[in-house]
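A look at the structure
Here are the chains, one letter per residue:
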Amino acid sequence: MGSFDALVSLCKQRGFIFQSSEIYGGIGGFWDYGPLGVELKNNIKQSWWRRVVQMRDDIVGLDAAIIMNAQTWVASGHVEEFTDPLVDCKQCKKRFRADAIAHNTCPECGAVGQFTDVRKFNLMFKTYVGPVEESAALTYLRPETAQGIFVNFQNVLVATRKKLPFGIAQIGKAFRNEITPGDFIFRDREFEQMEIEYFVKPGTDEEWHQHWVEERLRWYIEDLGLRKEKIRARALPKEDLAHYSKGTFEIEYDFPNKGWAEIEGIANRTDYDLKRHSQHSGKELTYFDEETKEHYIPYVIEPSCGVDRIFLALLLDAYHEEEVRGEKRVVLKLKPQLAPIKVAVFPLLRNRPEIVQKAKALAQALRKDFTVWYDDTAAIGRLYRRQDEIGTPFCVTVDVQSLTDNAVTIRDRDTMLQERVPIERVASVIRSKLQL
Ligand code: ATP
């Protein structure tokens, strides 16, 4: 089994990711994050938010509604442009993206030259607001979070009195009725985006574009800990640019199952969106430059990434199989700060009530500071392996000696070395190891 398949299976078994509505046979392109998945996902989002909002003076946050006035999507160009070319196989009736048909052969049934003409298919999910399903009530689930930012440009500007360059950041769900969802959580129909719209003075946009490519690469390498050689930025050729883009870089990860693929797009959207919203709404969406005394529409650089794809890249990057004393050890070498569980606590002997009680009390005390997992359902070697598999950086074991010396062992996930630490110092030792 390759590392991709092994990881997919681990995700299900250990409660990172489940198929959505699995007991009914599932539904393509939708996934549920389990007990460990939700922790890891939150840690990824928190790391991003901390770096791009909390640690900076020039970016503020936003949480806009998923459903917006339908005019938003007319103005943004999505009603007209957000389409994929589609063909149907006349033989097996399956539908494909036109670019997925190699040599005019159906990938499903093998029929040759049996396709319908190419039609355009809009990827936005439609819905109706209110009790009547009529065209006036029609709107869409947002296919990107960005438009919630653009329509709030003036609100944020007035409320915060920010000066250019400044940005607005947002994390939230996006929905695309992808024709071929797949590669596990790589291409979903419901997913989560983390987007920044960084507004700049026209003419400084290319410099800022370059800056953001470098800054975003730093986040992946320094904060998420992805291996340098597995990540790269690539400028898209002109013919691949979206309708709004003057230039786009893709940040790509080298996935074991499919090679280099996009995890983030960093586009120079120029003044396209604000201009279009200004035209369609009749509202002025300009910035007054106090230095030059001019009103103008800023340009915008957009670093836009998907939480789910990053989640997948991160787990694949962290997944290791090692041999330890003749046995296979699976270990997720996640950066300790990102690990879903920071500390696991075990009693060495589960039939000794004094040890169990001490271990449970320690686990409870540590919960104030960390995500903790208490386990006494197997022998110690097995308990260590279970935690290695989910990336827990520290395992604390209460043993017989702990009853007299009031000390415990802390085992390190990567080196597997153990050190003995007085119980009252466990929290501070772990905190310093986590560099909190
Ligand atoms: P692709 O070419 O793979 O369809 P895209 O260029 O349409 O992606 P963008 O519109 O640039 O993607 O969206 C920004 C980010 O959102 C992507 O880099 C990706 O991480 C994430 N994303 C986009 N579509 C999906 C999807 N269907 N499932 C999961 N994540 C997605």
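Residues numbered from 1 in each chain as written. Predicted model: local features only at pLDDT ≥ 70, side-chain atom pairs only at ≥ 80, totals over all residues. Heavy atoms only, no water.

Before going further, it helps to spend a moment on the environment of Asn69. As for its placement among the helices and strands, Asn69 is situated in the loop between strand E3 (59–62) and helix H3 (71–75). Asn69 gets classed as exposed once you look at its relative accessible area, which sits at 55%. Taking C-alpha positions, Asn69 is 9.6 Å from Ala137, a pair spaced 68 residues apart along the chain. There is a polar contact of 2.9 Å between the side chain of Asn69 and the backbone nitrogen of Gln71. (Helix = DSSP H or I, 4+ residues; strand = E, 2+ residues; numbered from the N terminus. Buried < 20%, exposed > 50% of the residue type's maximum accessible area, 1.4 Å probe, protein only. Polar contact = N/O pair within 3.5 Å; in protein donor to acceptor, adjacent residues only side chain to side chain.)

Taken together, the three strands give an open sheet; going across it, the order is E5-E4-E6, and neighbouring strands pair in antiparallel fashion. Two strands lie at the open edges of the sheet, namely strand E5 (95–97) and strand E6 (119–122), each paired on one side alone. Across this sheet, the average inter-strand angle for adjacent strands is 50°, counted without regard to direction. Bridge analysis of strand E4 (residues 83–88) against E5 gives three bridges, and the strand direction is antiparallel. Counterpart to Leu86 in the pairing with E5 is Arg97. (Pairing = 2+ DSSP bridges. Axes fitted to C-alpha atoms, helices over the stretch in contact; angles between N-to-C directions.)

With that out of the way, let us pick up helix H10 (residues 353–366). Here H10 is 14 residues long and its end C-alpha atoms lie 20 Å apart, about the 20 Å a rise of 1.5 Å per residue gives. All of the buried residues along H10 are Ile355, Val356, Ala359, Leu362, Ala363 and Leu366. The buried side chains of H10 occupy one side of the element, clustering within an arc of 130° when seen end-on. Across H10 from its buried face, at more than 90 degrees, point the exposed residues Pro353 and Gln357. (Expected span 1.5 Å × (residues − 1). Arc of directions from axis to C-beta.)

The subject of this paragraph is the environment of Ser3. For Ser3, the position within the fold is in helix H1 (residues 3–13). Residue Ser3 is classed as partly exposed on the basis of its relative accessible area of 32%. Along the backbone, Ser3 and Asp317 are 314 residues apart, and their C-alpha atoms lie at a distance of 9.9 Å. Aside from chain neighbours lying at most four places away, what touches Ser3 is Pro256, Leu316 and Tyr319. (Contact = heavy atoms within 4.5 Å.)

Inspection of the entire model under this criterion finds 15 aromatic pairs. Considering the side-chain rings of Tyr253 and Phe255, the 5.1 Å spacing of their centres and the 80° angle between planes classify their relative orientation as edge-to-face. Tyr253 sits in the buried class, given a relative accessible area of 1%. In this structure Phe255 comes out as buried when scored by relative accessible area, which is 1%. On the basis of an interplanar angle of 55° and a centroid distance of 6.0 Å, the ring pair of Tyr287 and Tyr296 is categorised as tilted. Under the relative-accessibility criterion, Tyr287 is labelled buried at 7%. Lying across the ring of Tyr33, Lys41 places its NZ or CZ 4.2 Å from the centre. The ring of Tyr384 is capped by Arg411, whose NZ or CZ atom sits 4.3 Å from the centre of that ring. (Phe/Tyr/Trp six-rings, centres within 6.5 Å; stacked < 30°, edge-to-face > 60°. Lys NZ or Arg CZ within 6 Å of the ring centre and 35° of its normal.)

Where nonpolar side chains cluster on the molecular surface, the patch consists of Leu348, Leu349, Val400 and Leu403 and spans about 270 Å² of accessible area. Mapped onto the secondary structure, Leu348 falls in the loop between strand E19 (343–347) and H10. (Patch = residues over 30% accessible without salt bridge, like charges linked within 9 Å, V, L, I, M, F, W, Y side chains within 5 Å. Areas by Shrake-Rupley, 256 points an atom, 1.4 Å probe, with all protein chains shown as cover. Salt bridge = Lys/Arg side-chain N within 4 Å of Asp/Glu carboxyl O.)

Here the focus is the domain arrangement of the chain. The assigned domain composition of the chain is domain 1 (4–67 + 145–316) and domain 2 (341–433). The partner domain 2 presents six residues to the six residues of domain 1 that form the contact. Counting each side, the surface lost to burial between domain 1 and domain 2 is near 520 Å², with a carbon and sulfur contribution of 61%. Sorting the residues of domain 1 by area buried against domain 2 places Leu10, Arg14 and Leu36 first, and these three jointly supply 67% of that buried surface. Counting every contact that joins domain 1 to domain 2 gives one salt bridge. For Arg14, the salt bridge is made with Glu389, and the minimal N-O distance between the two is 2.9 Å. The tally of links from domain 1 across to domain 2 stands at two residue pairs in polar contact (both at pLDDT 80 or more). Looking at the side of domain 1 that touches domain 2 residue by residue, the classes come out as three nonpolar, one polar and two charged. (Domains from an automatic or database assignment. Buried area = accessible area lost by both parts, 1.4 Å probe. Nonpolar A, V, L, I, M, F, W, Y, C, P; charged D, E, K, R; others polar.)

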